[in-house]
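Below, each chain spelled out in residue letters.
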Amino acid sequence: MVISGNPIAVGSLSIAFIANLAVVFLRLYYPWPYNLHLLAGAWLVISVTLGIVVVQAVFGGGRITYHRIVGAILLYLLMAVTFATLFALVGLSITDAFTGIAFKDDLALASSLFHLSFVTLTSTGYGDIIPVHPLARSLCNIESVIGQLYPATVLARLVTLELRADTT
């Protein structure tokens, strides 16, 4: 973030980091019912801000290099983090939006949310966590479509451009 030189990105990440620290202390001393909401919101800011910075670096002008392709892969993984936070916000806001996952303040929640997101992104679909609410289903559908189209189109095109640049 510092290397990007974008003060808005640095400021956003700083605020999100402070929010994460606040949740740590709130959990220890004051059991606030919105700890998970604040944490999910902070992680949403982090993933979106990093995504914007990476998009600018990957799809900016210039020659396609190996580092840009790695950045595009990072962007794919950041999509999973973004959707995991969106799933958290939906699950915390809508009772029984998902089956197979309990939205309570413990370490298993983050693991379950990332599992759901990566399973949806890769279209593996184990079936252990199921979106029930229409909003949860819509988010899963969007992530699944992105998860299939992004590697097939964007990553394949970047790799082709990089290989073409190496042969000339």
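Residues numbered from 1 in each chain as written. Predicted model: local features only at pLDDT ≥ 70, side-chain atom pairs only at ≥ 80, totals over all residues. Heavy atoms only, no water.

Novice: Describe in detail the overall build of the chain, supporting the description with residues and values.
Specialist: Counting its secondary structure elements, the chain contains five helices and two strands. Put simply, the chain runs from its N terminus to its C terminus through helices and strands in the order α-α-α-β-α-β-α. When each of the 168 residues of the chain is scored for burial, the buried share is 35%. Of the contacts formed within the chain by residues at least 6 apart in sequence, a portion of 67% connects residues at least 24 apart. Carbon and sulfur atoms make up 71% of the accessible area of the chain, which totals about 9,700 Å². The average position of the 7 basic charges and that of the 7 acidic charges among the side chains of the chain differ by 11 Å. (Helix = DSSP H or I, 4+ residues; strand = E, 2+ residues; numbered from the N terminus. Buried < 20%, exposed > 50% of the residue type's maximum accessible area, 1.4 Å probe, protein only. Contact = heavy atoms within 4.5 Å. Areas by Shrake-Rupley, 256 points an atom, 1.4 Å probe, with all protein chains shown as cover. Lys, Arg positive; Asp, Glu negative; His and termini not counted. Charge placed at Lys NZ, Arg CZ, Asp CG, Glu CD.)

Novice: I'd like a description of helix H1 (residues 7-29), backed by residues and values.
Specialist: For H1, built from 23 residues, the straight-helix expectation of 33 Å at 1.5 Å per residue is met to within 8% by its first-to-last C-alpha distance of 33 Å. For H1, the complete set of buried residues consists of Ala9, Leu13, Ala16, Ala19, Asn20 and Val23. Check the buried side of H1 and you find it contacts helix H2 (35-58). Taking the backbone nitrogen of Ile8 as reference, a side-chain oxygen 3.0 Å away marks Asn6 as the first, capping residue of H1. (Expected span 1.5 Å × (residues − 1). Polar contact = N/O pair within 3.5 Å; in protein donor to acceptor, adjacent residues only side chain to side chain.)

Novice: Run through the pattern of salt bridges, naming residues and quoting values.
Specialist: With the rule as written, the count across this model stands at one salt bridge. Asp105 is the partner of Arg27 in a salt bridge, and the nearest nitrogen-oxygen pair spans 2.8 Å. Taken as a pair, Arg27 in helix H1 and Asp105 in the loop between strand E1 (98-99) and helix H4 (107-121) lie far apart in primary sequence, 78 residues in all. (Salt bridge = Lys/Arg side-chain N within 4 Å of Asp/Glu carboxyl O.)

Novice: Tell me about the packing of H1 against H2, residues and numbers included.
Specialist: Two elements in contact, H1 and H2, have axes separated by 9 Å at closest approach and are oriented at 155°. The angle between H1 and H2 falls in the class roughly antiparallel. In the crossing of H1 with H2, the sense of the turn from one axis to the other is left-handed. Of the residues in H2, those touching H1 at Ala9, Ser12, Leu13, Ala16, Ala19, Asn20, Val23, Leu26 and Arg27 are Asn35, Leu36, Leu38, Leu39, Ala42, Trp43, Val45, Ile46, Thr49, Leu50 and Val53. Of the residues in the contact of H1 with H2, the class split is 15 nonpolar, four polar and one charged. (Axes fitted to C-alpha atoms, helices over the stretch in contact; angles between N-to-C directions. Parallel < 35°, antiparallel > 145°, perpendicular 65-115°, else oblique. Left-handed = near helix turned anticlockwise from the far one by under 90°. Nonpolar A, V, L, I, M, F, W, Y, C, P; charged D, E, K, R; others polar.)

Novice: Go over the nonpolar core, please, and point to the residues and values.
Specialist: Counting 17 residues, the largest nonpolar core has Phe87, Val90, Phe98, Ile101 and Leu113 as its most contacted members. Secondary structure elements with two or more residues in this core: H2, helix H3 (66-93), H4 and helix H5 (134-167). Here this core gets five residues from one element, more than from any other, and that element is H3. Apart from the residues within four sequence positions on either side, Phe87 is in contact with Phe98, Phe103, Leu113, Leu116, Ser117, Leu139, Cys140 and Glu143. (Core = buried A, V, L, I, M, F, W, Y, C linked by side-chain atoms within 4.5 Å.)

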